[in-house]
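A closer look at the structure
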Amino acid sequence: MTVSAEHRAYRIEDLAHFSGATVRTIRGYQDRGLLPKPERRGRANVYDDTHLARLRQIADLLERGYTLASIKELLEAWDAGTGLGGVLGLVNEVDRPWSDETPARITRAELTEAFGGVPDQAAIVDALDLGVLETVPGSEDEFLVPSPQELAVAVELYAAGVPLSAITGHLRELRIQVEYISERFLQFTTEHVFQRYLDHPPTDAEATEAASLVRRLRPLAQQTIDAELARAMRMMATEQVRRHLGDLAADVAPPTEPAHVPVSLPADTVGAVRELVGRRNVPVFIAAAAEREVRARTMDTLAGLPAEDGPWTDGPRTGGPSGQG
C-alpha cells in the first residue's frame, strides 16, 4: 500500500492520482514555488495532506481564470498568515453569474422548428462557437442554452427576415464592442474603488469589504448600458426614420392648412409608408415607428408644435413640453 492511513504519506505518483494533476505538473509547481518541498525520507520524497490540499486550491483558482503568477501571490499571502477565507469569498463573488437568467435546455428538433423548420448544422456550429449553445455531455440531440434571452432575440430577428449568418456576424461584432465597454468599466472601478485592495495582499477583512463592494456595484454597469442604449436607440432610430421617410413626412402636411383645424392622416399616406418600409426590408419595429413618426409629425406640424420623439424605455420621464399653444 502506497498511502499510509496513519501518517498520510504520499509518493508523487499517489499525489498525482488523488489530486488529478500529473507528476510533471506537480514538479512544475514545486519549481515555481507554488507547492512546498516534500519531506526527504531516505532516498524518497514524501508528500502529505498539505500538498494535496494546496494542489486542489491551485486547480480551483485556475478554473476561475487566475494565472499561476496571481495564484502564487495569493498563496504566499496565505502562508504569511493573511488567510484565504476572505479572498476566496471575493473570488466567489466576482465569479458567480452576472445575470439572473436561468440556463435552459433545447433539443435539436426544437431549434430547427424555431428557425424555420430547416436543419442548419452550420448555424449550430456557429452558435456553439459563440457560446449561445453548449453541448450536453452524452447527448447529440440536446443543447444547453446559457442565455435563453439571447437565443430568443435570435429567433425574433430570424422571424423578422434576418438571415442566420447575419445574426451571428452581428453578434460577433457586438461582442467585441461589449467586451471593450466591460474592460473600460472594470478599469474605471479598479482605479477609483478597488485599487486600495490590490496594491498589497488583502487581509480577510479587506477582502470581505471588497466583496461587499462588488455586490453593490455589480448592477451598475448593466443599468448604465441599458440607459445609454435606450437613449442611443431613440436618437438613431428616429434619425433613421427621418432620413428614409423625411420627404414623405414633409409632404403629408399642406402648408395652407390652418393650425387649429384637426386633420386625419390620409389612409393612402399610411399605405405609402408601409409600402416604402417593405421595399427597404426594414424590420417590423422600424415599420411601426415609421408609421407613428409620420402620424405624429403631421399632427405636430398642423398644431404648430415641435415634434416630440417617443421614449425607448418603459421608465418614467421627468419634465415635458412647455409653451404649447
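Residues numbered from 1 in each chain as written. Predicted model: local features only at pLDDT ≥ 70, side-chain atom pairs only at ≥ 80, totals over all residues. Heavy atoms only, no water.

**A look at the overall build of the protein**
Here is the rule: Think of it this way: any DSSP run of H or I at least four residues long counts as a helix, any run of E at least two long counts as a strand, and we number them from the N terminus. Two residues form a contact once any of their heavy atoms are found within 4.5 Å. Reported accessibility uses the Shrake-Rupley method at a 1.4 Å probe radius. Residues are deemed covered only where the shown protein chains occlude them.
Tallying secondary structure elements over the protein gives 12 helices and five strands in all. Residue pairs at least 24 apart in sequence account for 58% of intrachain contacts in the protein once pairs closer than 6 positions are excluded. Carbon and sulfur atoms form 55% of the exposed surface of the protein, whose accessible area is close to 21400 Å².

**Considerations on helix α2 (residues 23–32)**
Basically, it comes down to this: Type-normalised accessible area, obtained with a 1.4 Å probe on protein chains alone, sets the label of each residue: buried when under 20%, exposed when over 50%, and partly exposed for intermediate values. Here the arc refers to the directions that run from the helix axis out to each C-beta atom.
Turning to α2, its buried residues number three or more, namely Ile26, Tyr29 and Gln30. Along the axis of α2, the buried positions cluster into a sector of 100°, meaning they face one direction only. Opposite the buried face of α2, at more than 90 degrees from it, the exposed residues are Arg24 and Asp31. Just downstream of α2 lies Gly33, where phi reads positive at about 85°.

**Focus: the confidence of the model for the protein**
Where we set the bar: Each residue carries a pLDDT score, the predictor's own confidence in it, on a scale running from 0 to 100.
When pLDDT is averaged along the protein, the result is 77, and 69% of the positions lie at 70 or above. Counted against residues more than four places away or in other chains, residues 1–6, with its pLDDT under 50, gives nine contacts. Across residues 319–325, where pLDDT falls below 50, the model places two contacts with residues more than four positions away in sequence or in other chains.

**Topic: the sheet that holds strand β5 (residues 139–145)**
Note the following rule: Pairs of strands are assigned from DSSP output, requiring at least two bridges between the strands. Axes here mean lines fitted to C-alpha atoms, for a helix over just the part in contact, with angles spanning 0 to 180 degrees between N-to-C directions.
Within the open sheet, the three strands sit side by side as β3-β5-β4. Their pairing is antiparallel. Each end of this open sheet is capped by a strand with a single partner; those strands are β3 (104–107) and β4 (134–136). Across the sheet, the axes of successive neighbouring strands diverge by a mean angle of 40°, strand direction being ignored. Examined bridge by bridge, β4 and β5 share three bridges and lie antiparallel to one another. Opposite Val136, over in β5, you have Ser139 as the bridge partner.

**Digging into a nonpolar patch on the surface**
Filter applied, for reference: Like-charged residues are merged into a patch within 9 Å and nonpolar side chains (Val, Leu, Ile, Met, Phe, Trp, Tyr) within 5 Å, provided each residue has over 30% relative accessible area and no salt bridge. Note on definitions: salt bridges are taken to be side-chain nitrogens of Lys or Arg within 4 Å of carboxyl oxygens of Asp or Glu.
Judged by side-chain polarity, Tyr180, Ile181, Ile225, Leu229 and Met233 come together as a nonpolar surface patch covering roughly 460 Å² of accessible area. Broken down by secondary-structure element, the contributors of at least two residues to the nonpolar patch are α9 (164–198) and α10 (204–251). Sorting elements by how many residues they give to the nonpolar patch places α10 first, with three residues. Take Leu229: it is sitting in helix α10.

**Quick look at the packing of aromatic side chains**
How we decide: For Phe, Tyr and Trp, where Trp contributes only its six-membered ring, two rings pair if their centres lie within 6.5 Å, and the inter-plane angle classes them as stacked under 30 degrees, edge-to-face over 60, or tilted in between. Think of it as a cone above the ring: NZ of Lys or CZ of Arg counts as a charge over the ring if it is within 6 Å of the ring centre and within 35 degrees of the ring normal.
Under the counting rule described, the total for this entry stands at three aromatic pairs. Between Phe185 and Phe188, the aromatic rings sit 6.4 Å apart at their centres with planes inclined by 50°, giving tilted as the arrangement. Here Phe185 pairs with Phe188, and both are found in helix α9, just three residues apart, close to one helical turn. Since its relative accessible area comes to 25%, Phe185 is described here as partly exposed. Over the aromatic face of Trp98 sits the side chain of Arg218, whose NZ or CZ is 4.2 Å from the ring centroid.

**Looking at the nonpolar core**
To keep it simple, the criterion reads: Nonpolar cores were defined as sets of buried Ala, Val, Leu, Ile, Met, Phe, Trp, Tyr and Cys residues, with membership established by side-chain atoms within 4.5 Å.
The biggest cluster of nonpolar side chains holds 17 residues, and the ones touching the most others in it are Leu15, Ile26, Tyr29, Leu34, Leu55, Ile58 and Ile71. Broken down by secondary-structure element, the contributors of at least two residues to this core are α1 (12–19), α2, α3 (49–63) and α4 (68–79). Of all the elements, α3 adds the most residues to this core, at four residues. Contact partners of Tyr29, with chain neighbours within four places excluded, come to Leu34, Leu35, Leu55, Ile58, Leu62 and Leu68. Formed by 16 residues, the second largest nonpolar core is a distinct cluster that contains Val132, Leu133, Phe143 and Leu171.

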